[in-house]
Each structure stands twice: as C-alpha cells, then as structure tokens.
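Working through the structure, step by step
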Amino acid sequence: MSRPSPYALPFDRYRELLDREYSALSDLVQPTLDRSVPACPGWNGEDLVRHTAIVFLHKAETIRTGEKPSHGWPPLSVGSLPPQALLAHCYTRLTEQFDSHEPADRAESWVPEDQTVGFWIRRLTLETMIHRFDLEEAAAGPTTPLDPDLALDGIDEVFFVMFVRGKPDPDASGGTIRLEVGAHSWDVRLDPQRAVVERDVPAEGQATLRAEAQEMLLWLWGRGPQPEGAPDTAVELRKRLARAL
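Residues numbered from 1 in each chain as written. Predicted model: local features only at pLDDT ≥ 70, side-chain atom pairs only at ≥ 80, totals over all residues. Heavy atoms only, no water.

1. Details of the pairing of strand E3 (residues 196–199)
Let me state the cut-off plainly: Two strands make a pair as long as DSSP finds a minimum of two bridges between them. Going along the chain from the N terminus, every DSSP run of H or I of four or more residues is numbered as a helix, and every run of E of two or more is numbered as a strand.
As paired elements, strand E2 (residues 184–189) and E3 share four bridges and run antiparallel to each other. Its bridge partner lying in E3, Trp 186 is registered against Arg 199. Counting the residues in the hairpin turn of E2 and E3 gives six residues.

Okay, structure coming up:
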C-alpha cells in the first residue's frame, strides 16, 4: 500500500495471517464441496473454492507480468484440476509472487493511488479470511473468531477501498451514520453522488451504530446480522454497500 490505512498491519503480519487463513480454508474444502454457502446464494463449497483459487492465480499473474491477464483467461488447464489441488496450486503461485517482491513494488490494482504488491497482500489476506468464514458456515460447525486487528483493518478497507468508489445513488437520503468499534469510528455521509467517509471525527450527536470489530465487519460484508440498536440509516448503508462490494 502506498498510503497505508491507520489500521494497516505490518506486511509480515499480513503474510502470517494469510498463511493461517489459507490453511484453515484448505482444511474445509473436502467437507463443504457439496454444501450450500449461505453467503453466496447459488454456490456450493466447490464453486467458492474454485472462485478463490482463480482470484489467487489472477493476482499472481498480474504481479508476475505487470498487467491483468486478458486473452485466454483463465487457463483451460486449471479446469481439469480437482478443487483441493487447484487451490493449492494457485496459492503457491500467489505466495511465490508475494515473497519475491517488496510490498512497494508496482502491481496493477483498481485503486489509482495504490498500484502496489502490498495492496494485494492486504486485499487477499482479508478476502481469504472472509471466504474461510464462508466455508465454516457452509460446514455448519463452529466458526473461528476473526483476528481482531485484521477485522478492524477490514472495516477501514470496506470504506476507503470499496465504498467511496461506489456508484452514485440518486435515492440516497444524505443522512450520516457513525460506526463505532471501541475507540475507533467512521462517519459515513450517504450523499447521492458520492458517499463520504471520515475517520475518528468528534461525535456530535450523529446516529450511531456500535459493535465489536468482528460483528461490524461481518455485517458490512453481508455475513452477519445487523448489530443491535442500529439507527434507520444502517439499512440504507448496508443496501448501498451491497452494490459496492
């Protein structure tokens, strides 16, 4: 990342967490291949695993070649691999690229001001964590708590990487909602043209939604229920997020 979030983790910590989340996700592949994934309607575990693997491979190739792959993508050969082998192959390709580059090295991304390998280290650590949670839900067993520091960083990423680049909403109310996680806050103004987000500004009686980092992040991603005590603007925020994520 060229302009780190104040919640960003050290890159060696992202790599540690990425390996941990990948290992947990990989252990869930076989038990969930035919299970419906609640967060991804119409998909079973195999669909989600293949999607995740191709995302890994796409970003590995983007870093390796310096541009997004286009013609002949994805390679036909990957379709012949069973899900577990495909995931392992693509993850190896991805981490080879991460570990042979510095985080500041150039890599194409959809964020003009952050064209770095570090962008993808952060993004795919967070994506892998969310999809690990998805497969745990598909397995219908207990879910593993999200790393609290990574969850806090994920909230900030939702707003400043995805949400502020979302499409205009002519029906937006223009209202403001304040999200608080411990001592941290994000004030979101739902303007019709462009949502505006500010970090850690003084509270001035704004409608406020409070939750722990995990609960807040999972709700923002549509993976958890709306936290208790949510103001009316929370419904509008979640609908607009669903179009941006």
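2. Observations concerning helix H4 (residues 83–99)
Using the following cut-off: Helix span, as expected, comes to 1.5 Å for every residue beyond the first. Throughout this description, buried means an accessible area under 20% of the type-specific maximum (1.4 Å probe, protein chains only), exposed means over 50%, and partly exposed covers the range between. Taking the helix axis as origin, the arc is that swept by the directions to the C-beta atoms. Between two residues, a contact is recorded if the distance between any of their heavy atoms is within 4.5 Å.
The terminal C-alpha atoms of H4, which comprises 17 residues, lie 24 Å apart, in line with the 24 Å expected from a rise of 1.5 Å per residue. Three or more residues of H4 are buried, namely Pro 83, Leu 86, Leu 87, Cys 90, Tyr 91, Leu 94, Thr 95, Gln 97 and Phe 98. One side of H4 holds all its buried residues, which, seen down the axis, span an arc of 155°. At its buried positions, H4 is contacted by helix H1 (11–27), helix H2 (29–32), helix H3 (45–65) and helix H5 (117–139).

3. Examining the packing of aromatic side chains
Rules: Pairing of aromatic side chains here covers Phe, Tyr and the six-membered ring of Trp, requires ring centres within 6.5 Å, and sorts the geometry by plane angle: under 30 degrees stacked, over 60 edge-to-face, intermediate tilted. Over a ring means this: the NZ of a Lys or the CZ of an Arg is within 6 Å of the ring centre and within 35 degrees of the ring normal.
The final tally for this structure, using the stated rule, is eight aromatic pairs. The interplanar angle of 0° and the centroid separation of 3.8 Å between the aromatic rings of Tyr 22 and Tyr 91 together place this pair among those described as stacked. In this pair, Tyr 22 sits in helix H1 while Tyr 91 sits in helix H4, placing the two residues 69 residues apart along the sequence. Grouping residues by exposure puts Tyr 22 and Tyr 91 together as buried. By the ring-pair criterion, three or more aromatic residues cluster together here, those being Tyr 22, Phe 56 and Tyr 91. Stacked on the ring of Phe 160, the Lys or Arg Arg 199 has its end atom at 3.8 Å from the ring centre.

4. Focus on the sheet that holds strand E1 (residues 176–181)
Put simply, the test is: Here an axis means a line fitted to C-alpha atoms, over the contact stretch when the element is a helix, while the angle between two N-to-C directions is reported on a 0 to 180 degree scale.
Spatial strand order, E3-E2-E1-E4: four strands in an open sheet with mixed pairing. Of all strands in the sheet, those with a lone pairing partner are E3 and strand E4 (207–210), marking the two edges. Mean inter-strand twist for the sheet, computed between neighbouring axes without regard to direction, equals 20°. Looking at chain direction, E1 and E2 are connected through six bridges and run antiparallel. Directly across from Val 181, in E2, lies its bridge partner His 184. In the packing of helix H6 (residues 148–162) onto the sheet, contacts are made with E1, E2 and E3, and the angle to E2 comes to roughly 20°.

5. Regarding the side chain of Thr 233
Residue position: Thr 233 is located in helix H8 (residues 233–244). Ignoring anything within four residues of it in the chain, the contact list for Thr 233 reads Thr 176, Ile 177, Leu 190 and Ala 207.

6. Thoughts on the layout of surface pockets
Test applied: In this analysis, the protein atoms alone were mapped onto a 1 Å grid. Cavities are point sets where a 1.4 Å probe fits without being able to get out; pockets are open sets with protein on both sides within 12 Å along at least five of seven lines; lining residues have an atom within 4 Å of a point. Grid points are joined across faces, edges and corners, and a volume is the space filled by probe spheres set on the points. Think of it as three bins: nonpolar holds Ala, Val, Leu, Ile, Met, Phe, Trp, Tyr, Cys and Pro, charged holds Asp, Glu, Lys and Arg, and polar takes everything else, Gly as well.
Roughly 430 Å³ of volume is contained in the largest pocket. Considering the residues around the largest pocket, the lining is formed by 21 residues, among which Arg 123, Met 162, Trp 221, Ala 244 and Leu 245 are closest to the centre. At the level of elements, H3, H5, H6 and H8 are the ones that each hand at least two residues to the lining of the largest pocket. With five residues, the single largest contributor to the lining of the largest pocket is H5. The residue makeup of the lining of the largest pocket, split by class, is 13 nonpolar, three polar and five charged.

7. A closer look at the environment of Leu 57
Here Leu 57 shows up in helix H3. A relative accessible area of 3% means that Leu 57 is categorised as buried. A C-alpha to C-alpha distance of 19 Å links Leu 57 and Leu 17, two positions 40 residues apart in sequence.

8. Observations regarding the nonpolar core
This is how the line gets drawn: We define a nonpolar core as any set of buried Ala, Val, Leu, Ile, Met, Phe, Trp, Tyr and Cys residues linked to one another through side-chain atoms lying within 4.5 Å.
Core analysis: the biggest nonpolar cluster contains 72 residues, and Phe 159 and Leu 237 have the highest contact counts within it. Ranked by the residues each element gives to this core, the list is headed by H5, at 11 residues. Look past the residues within four positions of Phe 159 in its chain and what remains in contact with it is Val 164, Leu 179, Trp 186, Val 188, Val 197, Leu 220 and Leu 237.

9. Observations regarding the packing of H1 against H4
Selection rule: Oblique is the label for every angle not falling under 35 degrees (roughly parallel), over 145 degrees (roughly antiparallel), or within 65 to 115 degrees (roughly perpendicular).
Where H1 meets H4, the axes come as close as 11 Å, and the angle between the chain directions of the two elements is 175°. It follows that H1 is roughly antiparallel to H4 by the angle criterion. Contact with H1, carried on its side by Arg 15, Leu 18, Asp 19, Tyr 22, Leu 25 and Ser 26, involves Gln 84, Leu 87, Ala 88, Tyr 91, Thr 95, Phe 98 and Asp 99 of H4 and no other residues of that element. For the contact of H1 with H4, the residue count by class is seven nonpolar, three polar and three charged.

10. Some thoughts on the pattern of salt bridges
When the charged atoms of two side chains with opposite charge come close together, those side chains can pair. Cut-off, in case you're wondering: The term salt bridge refers to a side-chain nitrogen of Lys or Arg lying within 4 Å of a carboxyl oxygen of Asp or Glu.
Enumeration according to the criterion identifies 20 salt bridges in this entry. Between Glu 113 and Arg 165 there is a salt bridge, and its shortest N-O distance comes to 2.4 Å. Taken together, the residues Glu 113 in the loop between H4 and H5 and Arg 165 in the loop between H6 and E1 connect sequence positions 52 residues apart. Note on Arg 165: relative accessible area 31%, which makes it partly exposed.

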